[in-house]
Amino acid sequence: MLYKRENGWKALSAEQKEVIFTFSEGYKQYLNTAKTERKCVTEAIRMAEEKGFVAVESKETLEAGDKVWFNNRDKNLVLVVVGSDDIEQGANFVVSHVDSPRLDLKQQPVYEDTEFAMMKTHYYGGIKKYQWASRPLAMHGVVVLKDGRKVDITIGEKDSDPVFTIPDLLPHLDQHVQRERKASEVLKGEEMNILAGSIPSTIKDDDIKELVKYNVLQKLHEDYGIIEEDFISAELQLVPAAKAQDVGFDRGLVGAYGHDDRICAYTSVKAILDIDHTPKTTAICFLVDKEETGSAGGTGLQSRYLEFFMEELVEKTRRGDYSPRVMRKCLWNSRALSSDVNAGINPLFKSVHDEQNASRLGHGLVLTKYTGTRGKSMTNDADAEYIAELRALFDGADIKWQTGMLGKVDEGGGGTVAMFLAHYGIRTIDAGAALLSMHSPMEIASKFDIHEIYRAYQAFYG
Ligand code: MN
Ligand code: MN
């Protein structure tokens, strides 16, 4: 028989379309609120609390049906619904990442040049640097003072807020300096500095030479109580100031910053929050950080945090009857969706895809057996047995799904967190949505897919 997958919009009733459009509004709201990993975690906790989840520290033991969260340094969140089976039988993980490509402020960012106050940045993750010039940027993050107090900063999201921007070179004068540069260097890393002020201070002090910079620092002190040295212990990020918006006359697409990978984070959080019964298998929704820079660090998936919270889960569900063997067995018996995005076919650049194997927007959940680069290096390559199990599961639940690849064999490639889950023996496959313009300030997703991957995660949790 011939294998055929169709565009998901085709078979929908007006009511189903309405459900999809309404669901997408909630997602757009989440994207507008949660523009950093910290804010994704805060927002997910707020949503979880509304649904009766509590911090795991408040429970001595855990019973089937209990709903708890683990918070790792405000950058990872683990939501758990305890199942009726012994945890030794394994758990169902949906793992997505909440960090997105962006510009971080350097530790000593402020300087003055030609009567402008400027701030230096260091880009985070794989970006096309030129895409970030001449556009409004918002600043989000925290400044931690020497006494431990945290100052939250969000500037550029309200209509009345100022924004920041990287001033690009005008085309009239770019002939020698910029026009012949390679795409990766149209804007160089050290040129990604933002305009931060332009009015000189009126202070009469001969020691203060940089009056515009001084004025900006004074304003920061007035508004936030911070001094220049405090930037050293800060995490401040510049992200596109724009809000998520519908794209196209028919409003079938959402254009936004951060679909990668908040499209999977939001839908998997919603799916676990909407579990309305005690599942047989423990359900786990895990939001991780640092995926875009290789999953290193204490909040990336290469850390031992997964073992840390699984140990506590095993211990609390088995009333202290814990052994490393039980935890390893639990992990080896588990299965996971490494929920991350895939490169959908772009009508302008079809040549980088093998069209027969590429994913398409509007065709539902993308199951990607392997990612990696040339010759499948650095990838989890999902077992055929596991894929067969998922085919049966999703077909049985009437979920639209498709296969995907990250471009033609020799075209390039990339990785996800899948291999770091698979290290534990967790049966793992990449499963998420197809995007256009991935890693750009305006990524594109299909509303059909946003809702369909939510349904897929619900089916996966059982
Ligand atoms: Mn991703
Ligand atoms: Mn990415």
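Now for the coordination of the manganese ion (ligand 1). In this structure, His97 (NE2), Asp260 (OD), Asp340 (OD) and Asp340 (OD) serve as the protein donors to the manganese ion (ligand 1), at separations of 2.1 to 2.5 Å. Every donor residue of the manganese ion (ligand 1) comes from the same chain, spaced as H-x162-D-x79-D. Here the manganese ion (ligand 2) and the manganese ion (ligand 1) are spaced 3.2 Å from one another, each receiving a donor from Asp260. Of this pair, Asp260 sits in helix 4 (residues 259-273) while Asp340 sits in the loop between strand 14 (335-338) and strand 15 (342-343), and the two are 80 residues apart along the sequence. Under the relative-accessibility criterion, Asp260 is labelled buried at 3%.

Below, the discussion takes up the pattern of salt bridges. Applying the stated criterion to the full structure yields 37 salt bridges. Of the charged contacts in the structure, one is a salt bridge between Glu235 and Arg38, with a shortest N-O distance of 2.8 Å. With a gap of 197 residues between them, Glu235 in strand 10 (residues 234-240) and Arg38 in helix 2 (residues 37-50) connect regions that are remote in the sequence. Owing to a relative accessible area of 33%, Glu235 belongs among the partly exposed residues under this scheme. Across the salt bridge formed by Lys376 and Asp381, the nearest N and O atoms sit 2.8 Å from each other. You can call Asp381 partly exposed: its relative accessible area is 28%. A single network of salt bridges, built from pairs that share partners, joins Glu25, Lys28, Asp246, Arg251 and Lys447.

This next bit is on the packing of aromatic side chains. Each aromatic ring pair is summarised here by two numbers: the centre-to-centre distance and the angle between the ring planes. Tallying each qualifying case throughout the model produces 13 aromatic pairs. Centre to centre, the rings of Trp9 and Phe448 are 5.9 Å apart; their planes meet at 55°, and the pair counts as tilted. One end of the pair, Trp9, is in the segment before helix 1 (14-33); the other, Phe448, is in helix 9 (residues 447-461), with 439 residues separating them in the sequence. Where Phe286 meets Tyr305, the ring centres are 6.3 Å apart and the plane angle is 55°; that geometry is what we call tilted. In this pair, Phe286 is assigned in strand 13 (residues 282-288) and Tyr305 in helix 5 (residues 305-317), connecting sequence segments 19 residues apart. Tyr305 sits in the buried class, given a relative accessible area of 9%. Lying across the ring of Tyr111, Lys120 places its NZ or CZ 5.0 Å from the centre. Seen from the ring of Tyr370, Lys376 lies directly overhead, with NZ or CZ sitting 4.0 Å from the centre.

Our next topic: the sheet that holds strand 11 (residues 245-247). If you walk across this open sheet you meet the three strands as 11-12-22, and the pairing is antiparallel. Each of the sheet's edge strands pairs with one partner strand only, and the pair in question is strand 11 and strand 22 (443-446). The average undirected angle you get between the axes of adjacent strands in this sheet is 35°. Each of strand 12 (253-256) and strand 22 touches helix 4; the most contacted strand, strand 22, lies at about 35° to it.

This part covers the nonpolar core. In terms of nonpolar packing, the biggest core is built from 57 residues, with Leu79, Ile263, Ile272, Leu337, Leu365 and Phe394 touching the most fellow members. Once residues within four sequence positions are removed from consideration, Leu337 is found in contact with Phe93, Val94, Val95, Tyr386, Leu390, Phe394, Ile429, Ala431, Tyr457 and Phe460.

Let us now look at unusual backbone geometry. A cis amide bond links Asp260 to the next residue, Asp261, at an omega of 10°. In this fold, Asp261 is placed in helix 4. The phi torsion at Arg251 lies on the positive side, around 60°, for a residue other than glycine. Even without being a glycine, Met378 presents a positive backbone phi close to 55°. Assessed through its relative accessible area of 60%, Met378 is described here as exposed.

When you line up the elements, Ala382 lands in the loop between strand 17 (372-373) and helix 7 (384-396). When the C-alpha positions of Ala382 and Asp261 are compared, they lie 20 Å apart, and in sequence the two are 121 residues distant. Not counting residues within four places of it along the chain, the set of residues in contact with Ala382 comprises Lys369, Ile387, Thr428 and Ile429.

Turning next to the environment of Pro109. Mapped onto the elements of the fold, Pro109 is located in strand 5 (residues 102-113). Its relative accessible area of 1% is what places Pro109 among the buried residues. Counting along the chain gives 291 residues from Pro109 to Lys400, while the straight-line C-alpha distance between them is 47 Å.

Side chains of Leu169, Leu170, Leu173 and Val177 sit close together on the surface and give an oily, nonpolar patch of about 340 Å² of accessible area. Looking at where Leu170 falls in the secondary structure, it is placed in the loop between strand 8 (150-155) and strand 9 (194-197). The class of Leu170 is partly exposed, set by a relative accessible area of 38%.

We note that the domain assignment places domain 1 (14-100 + 257-461) and domain 2 (102-240) within the chain. Averaged C-alpha coordinates put domain 1 and domain 2 at centres separated by 33 Å. The interface is formed by 18 residues belonging to domain 1 together with 18 residues belonging to domain 2. Surface buried jointly by domain 1 and domain 2 totals about 1500 Å² across both partners, of which 47% is contributed by carbon and sulfur atoms. Of all residues in domain 1, the largest losses of buried area upon contact with domain 2 belong to Lys35, Arg38 and Pro441, amounting jointly to 34% of the total for that side. There are five salt bridges connecting domain 1 and domain 2.

The rules behind the values
- Residues numbered from 1 in each chain as written.
- Chains lettered and ligands numbered in written order.
- Predicted model: local features only at pLDDT ≥ 70, side-chain atom pairs only at ≥ 80, totals over all residues.
- Heavy atoms only, no water.
- Donors = N, O, S within 2.8 Å, 3.2 Å for Na, K, Ca; no water.
- Helix = DSSP H or I, 4+ residues; strand = E, 2+ residues; numbered from the N terminus.
- Buried < 20%, exposed > 50% of the residue type's maximum accessible area, 1.4 Å probe, protein only.
- Salt bridge = Lys/Arg side-chain N within 4 Å of Asp/Glu carboxyl O.
- Phe/Tyr/Trp six-rings, centres within 6.5 Å; stacked < 30°, edge-to-face > 60°.
- Lys NZ or Arg CZ within 6 Å of the ring centre and 35° of its normal.
- Pairing = 2+ DSSP bridges.
- Axes fitted to C-alpha atoms, helices over the stretch in contact; angles between N-to-C directions.
- Contact = heavy atoms within 4.5 Å.
- Core = buried A, V, L, I, M, F, W, Y, C linked by side-chain atoms within 4.5 Å.
- Patch = residues over 30% accessible without salt bridge, like charges linked within 9 Å, V, L, I, M, F, W, Y side chains within 5 Å.
- Areas by Shrake-Rupley, 256 points an atom, 1.4 Å probe, with all protein chains shown as cover.
- Domains from an automatic or database assignment.
- Buried area = accessible area lost by both parts, 1.4 Å probe.

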